[in-house]
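# Notes for the structure review
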Amino acid sequence: MAVIAPNRRVRKTPFTPGVEAAGVGGYTVYNHMLLATFFESVEADAAHLKQHVQVWDVSCERQVQIKGPDALRLMKMLSPRDLDRMQADQCYYVPVVDQNGGMLNDPVAIKLSDDHYWLSVADGDLWQFALGIAVALGLDVEVSEPDVSPLAVQGPKADELMARVFGEDVRDIKFFRYKRLRFEDKEFLVARSGWSKQGGFEIYVDGSDYGMPLWDSLFANGQDLKVRAGCPNGIERIESGLLSFGSDMRRENTPYECGLAKFCNSPLDYIGKTALAEQAENGPPRIIRPMVIEGDIGPCTGSWQLLASGQQVGQIASAAYSPEFGVNVAIGMVDRAYWDAGTRIEVMTEHGMRWAVVQENFWR
Ligand code: THG
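Residues numbered from 1 in each chain as written. Predicted model: local features only at pLDDT ≥ 70, side-chain atom pairs only at ≥ 80, totals over all residues. Heavy atoms only, no water.

### Overview of the overall build of the protein
Each helix and strand in the protein was counted, giving eight helices and 21 strands. A globule of 364 residues ought to have a C-alpha radius of gyration of about 21 Å, and the protein, at 21 Å, matches this closely. Its C-alpha atoms put the protein at 65 × 50 × 40 Å along the principal axes. Considering the protein as a whole, with its 364 residues, one finds that 55% of them fall into the buried category. (Helix = DSSP H or I, 4+ residues; strand = E, 2+ residues; numbered from the N terminus. Rg over C-alpha atoms; globule rule 2.2 N^0.38 Å. Buried < 20%, exposed > 50% of the residue type's maximum accessible area, 1.4 Å probe, protein only.)

### A few points about the site of the ligand
Near the ligand, the surroundings consist of 17 residues, among which Glu61, Asp106, Ser120, Glu202 and Tyr204 are the closest. At 2.9 Å from a nitrogen atom of the ligand is found a side-chain nitrogen or oxygen belonging to tyrosine 204. In isolation the ligand offers 640 Å² of accessible surface; the protein chains occlude 87% of this area. (Near = heavy atom within 4 Å. Polar contact = N/O pair within 3.5 Å; in protein donor to acceptor, adjacent residues only side chain to side chain. Areas by Shrake-Rupley, 256 points an atom, 1.4 Å probe, with all protein chains shown as cover.)

### Considering the side chain of serine 266
Position of serine 266 among the secondary structure elements: in the loop between helix H7 (236–239) and helix H8 (273–282). Side-chain polar atoms of serine 266 contact the backbone nitrogen of leucine 268, separated by 3.1 Å. Each residue touching serine 266, except ones within four places of it in the same chain, is listed here: Ser79, Pro80, Arg81, Asp82 and Lys273. (Contact = heavy atoms within 4.5 Å.)

### Examining helix H4 (residues 126–137)
Between its terminal C-alpha atoms H4 stretches 17 Å, which fits the 16 Å expected from twelve residues at 1.5 Å a residue. Three or more residues of H4 are buried, namely Leu126, Ala130, Ile133 and Ala134. For H4, the angular spread of the buried residues around the axis is 95 degrees, confining them to a single face. For H4, the exposed residues lying more than 90 degrees away from the buried face are Val135 and Ala136. Buried residues belonging to H4 abut strand E4 (63–67), helix H3 (71–78), strand E6 (96–97), strand E7 (103–105), strand E9 (116–120) and strand E10 (142–144). (Expected span 1.5 Å × (residues − 1). Arc of directions from axis to C-beta.)

### Section: unusual backbone geometry
In this model, asparagine 31 sits at a positive phi of 50 degrees, which is unusual for a non-glycine residue. Among the structural elements, asparagine 31 can be located in the loop between strand E1 (26–30) and strand E2 (33–38).

### Some remarks on the packing of aromatic side chains
Applying the stated criterion across every chain yields a total of eight aromatic pairs. Look at phenylalanine 175 and phenylalanine 176: their rings are 4.6 Å apart centre to centre, the planes differ by 45 degrees, and that puts the pair in the tilted class. For phenylalanine 175, a relative accessible area of 64% translates into the label exposed. Taken together, the ring pairs in this structure connect Phe15, Trp215 and Phe219 into an aromatic cluster. Across the ring face of tyrosine 92, the terminal group of arginine 81 is positioned such that the distance to the ring centre comes to 3.9 Å. Across the ring face of tryptophan 355, the terminal group of arginine 344 is positioned such that the distance to the ring centre comes to 5.1 Å. (Phe/Tyr/Trp six-rings, centres within 6.5 Å; stacked < 30°, edge-to-face > 60°. Lys NZ or Arg CZ within 6 Å of the ring centre and 35° of its normal.)

### Considerations on the pattern of salt bridges
Under the defined criterion, the tally for this structure stands at 24 salt bridges. In this structure, the salt-bridge partner of glutamate 252 is arginine 250, at a minimum N-O distance of 3.5 Å. On the basis of relative accessibility, which here comes to 43%, the residue arginine 250 falls in the partly exposed class. (Salt bridge = Lys/Arg side-chain N within 4 Å of Asp/Glu carboxyl O.)

### Re the sheet that holds strand E11 (residues 148–154)
Whenever strands of a sheet pair, they do so through backbone hydrogen bonds, lying parallel or antiparallel. Reading across the sheet, the six strands line up as E12-E13-E14-E11-E3-E15 and stay open at both edges, with mixed pairing between neighbours. Where the open sheet ends on each side, the last strands, each with one partner, are strand E12 (178–183) and strand E15 (228–230). Adjacent strand axes in the sheet meet at a mean angle of 30 degrees, parallel and antiparallel pairs treated alike. Summarising the sheet, strand E3 (residues 54–57) and E11 pair through four bridges and their orientation is antiparallel. Counterpart to valine 55 in the pairing with E11 is valine 153. Helix H2 (residues 42–51) rests against E3, E11 and E15 of the sheet, and its axis sits at about 120 degrees to E3. (Pairing = 2+ DSSP bridges. Axes fitted to C-alpha atoms, helices over the stretch in contact; angles between N-to-C directions.)

### Thoughts on a nonpolar patch on the surface
Judged by side-chain polarity, Trp127, Leu131 and Val135 come together as a nonpolar surface patch covering roughly 270 Å² of accessible area. Judged by relative accessible area, which is 32%, leucine 131 ranks as partly exposed. (Patch = residues over 30% accessible without salt bridge, like charges linked within 9 Å, V, L, I, M, F, W, Y side chains within 5 Å.)

### Side note on the nonpolar core
Formed by 43 residues in total, the largest nonpolar core has its most connected members in Ile110 and Tyr204. Those residues within four positions of isoleucine 110 in sequence are excluded, and the remaining contacts are Gln63, Met86, Gln90, Cys91, His116, Tyr117, Trp118, Ser120, Tyr178, Leu189 and Tyr204. (Core = buried A, V, L, I, M, F, W, Y, C linked by side-chain atoms within 4.5 Å.)

### Brief notes about the state of the cysteines
Applying the stated criterion across every chain, the model contains zero disulfides. No disulfide involves cysteine 258; its sulfur sits 9.1 Å from that of cysteine 264, the nearest cysteine. Residue cysteine 258 is classed as buried on the basis of its relative accessible area, which comes to 4%. Judged by relative accessible area, which is 12%, cysteine 264 ranks as buried. (Disulfide = S-S within 2.5 Å.)

### What to know about the environment of glycine 155
Looking at the secondary structure, you find glycine 155 in the loop between E11 and helix H5 (158–166). Relative accessible area serves as the criterion here: at 3%, glycine 155 is assigned to the buried category. Excluding anything up to four places from it in sequence, glycine 155 contacts Leu49, His52, Val53, Gln198 and Gly199.

Here it is as C-alpha cells:
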C-alpha cells in the first residue's frame, strides 16, 4: 500500500518529528491520528522491547475529558465497572457499551478528582456518545478532547529511564495508579500502565509544546539503556492477550464475549445493564480465546473466518508468528461449542486453509 498523507483530519502528534527522525517504518490511523506500526521490523522491535526500553508515541489514545458537577453521574452511566471505590490516583480498564450491551470502546478511565475524569479511548469517537447523553439529559458537565497526548515508556528498563527523567518517585507507582511528577516547569500525570506486558509507564503529556523536549530528554537519558523509539507491538500484544477494539471485538460483541466480565460489576443501572443481564447469568454465546495457527501464515490485514464443517464458528482478526514461542499466536472470537482448549478448527487465511487450535491461556 502507498503512504498515508497527514492532513487536518489525519492528525500528526506532538512527537511526530521524533518518530520520523527515528526512522518509523509504517503508520496506521487511530482516532484520526498517526500511530506507528513498526520501526526496524515487528519481530526486531518485539525482541528489543522485551530486553530494553522503548518510547512510544501513543498520542492517538485521546482523552475524552468529563468535567463538572455531573461528571461522576455521567461516568456511572457509561461504566459497567463499579467506580465507588475508585481513588483520585487510579486508572480503571472499563468497557463502555450501548443500550444493547454492544461494545463501543474499551478505554482506560483516569480519575483526576471527584468531578474530573479522562477516558483514554481506543479507536472510535466515544466523545460523541458521552456528549449526546450529556446534552439529552441536560447534565452540567463538559465533554471535550484536551491537548493531552500519552507517551508510553515500556520495557524492563522503563523504571530506570523514568527515574532519571522524573525522579526516584516513579519506582513506587503501583500498577494502574499514577503520580503527578515534574518535568521542566510542569507536573504531568505518570501512570504505571501501557499496552504491553513488559512493564512501564504512560506519561499524559498535557500541552503539545512539552512533547519534543520530553521525547529528547528520554532519549538523552537512555543512551546506555539502549532506548529506542517503539510502538504498540503486533506480536507482543497478542502473546499478552491485549485486545484491540475494532479488530478483536466491536459493537456486535458484548463485554462478556470479550472476556471482560470481571469489569462488569457495577450495581447501578448503567446504559446496557438490562440488555447484559442474560449473559451475566448464563455466560456469552462466544468468547475471545488465545489460538495457535499451524503452518505458514501471512499478515492478518482483516479478519479470517473460523470454520467447522463448512459453517462459520468465529473469526480471527489478530495473528502473527512469535519468534519467542515458535508458533503463530492469534486471538480468536469462538462460538461456545468450539471454545474448549485443544479444539481444532479450520481458519480461512488469504493463503489458504490452516488449522487453528484453541489454547488454555495467553502466553503471559
Ligand atoms: N493506555 C491508555 N489508553 C489506551 C490504551 C492503553 N487507550 C486505547 C487502548 N489502550 C484501550 N484498550 C486497553 C486494553 C487493555 C489494557 C488497557 C487498555 C490493559 N489491560 C491489562 C490486561 O488486560 O492485563 C490490565 C487490565 C486491568 O487489570 O485493569 O492494560 O494501553 N492510556
